[in-house]
Amino acid sequence: MKMQLKVIGMHCKSCELLIMNSLEELGVKSKADYKKGIIDVEFDESKLSKERIIEAIEKEGYKVK
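Reference entry: report on the structure contained in this document. All figures in this text were calculated on a predicted structure; none of them were measured in a lab.

How each quantity is defined
- Residues numbered from 1 in each chain as written.
- Predicted model: local features only at pLDDT ≥ 70, side-chain atom pairs only at ≥ 80, totals over all residues.
- Heavy atoms only, no water.
- Helix = DSSP H or I, 4+ residues; strand = E, 2+ residues; numbered from the N terminus.
- Rg over C-alpha atoms; globule rule 2.2 N^0.38 Å.
- Pairing = 2+ DSSP bridges.
- Contact = heavy atoms within 4.5 Å.
- Axes fitted to C-alpha atoms, helices over the stretch in contact; angles between N-to-C directions.
- Buried < 20%, exposed > 50% of the residue type's maximum accessible area, 1.4 Å probe, protein only.
- Salt bridge = Lys/Arg side-chain N within 4 Å of Asp/Glu carboxyl O.

**Quick look at the overall build of the protein**
Counting its regular elements, the protein contains two helices and four strands. Starting at the N terminus and ending at the C terminus, the protein contains elements arranged as β-α-β-β-α-β. Here the C-alpha atoms of the protein give a radius of gyration of 10 Å, agreeing with the 11 Å that 2.2 N^0.38 yields for 65 residues. Across its three principal axes, the protein shows a C-alpha extent of roughly 30 × 20 × 20 Å.

**Some details on the sheet that holds strand E1 (residues 2-8)**
What holds strands together in a sheet is hydrogen bonding between their backbones, with the strands either parallel or antiparallel. Taken in spatial order, the four strands line up as E2-E3-E1-E4 in an open sheet, and their pairing is antiparallel. Two strands close off the open sheet at either side, each with one partner strand: strand E2 (29-33) and strand E4 (63-64). In the packing of helix H1 (residues 13-24) onto the sheet, the strands contacted are E1, E2 and strand E3 (38-42), and the crossing angle to E2 comes to about 165°. Contacts between helix H2 (residues 50-59) and the sheet are confined to E1, E3 and E4, with E1 contributing the most and set at about 30° to the helix.

**Observations regarding the pairing of E1**
Of the two faces of E1, the one lined by Met3, Leu5 and Val7 is fully buried and the one lined by Lys2, Gln4, Lys6 and Ile8 carries no buried residue. In terms of strand pairing, E1 meets E3 through five bridges, oriented antiparallel. Of the residues in E3, the one forming a bridge with Lys6 is Ile38.

**Digging into the pattern of salt bridges**
A full pass over the atoms with the stated rule returns three salt bridges. Two residues, Lys13 and Glu16, come together in a salt bridge whose shortest N-O distance is 3.1 Å. Placement of both Lys13 and Glu16 in helix H1 is noted, with a separation of three residues, approximately one turn of the helix. Take Lys13: its relative accessible area is 53%, and that puts it in the exposed class. The exposure class assigned to Glu16 is buried, which follows from its relative accessible area of 5%.

Taken by themselves, the reported measurements are silent on function.
The structure is reproduced here in structure tokens:
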């Protein structure tokens, strides 16, 4: 499944990398854009839920809308 999430609190490249690395550990392909405050994710719905992805992002200190 592919989807786009709005992430509040990303303000630099390091923020992008922190989130993308965290999601990569879950097996999620992602591309973040801190300037737009969005992240595109691609994942296998049979192995992972949207809620788990949001939880991983919020665990890093960001808010997902």
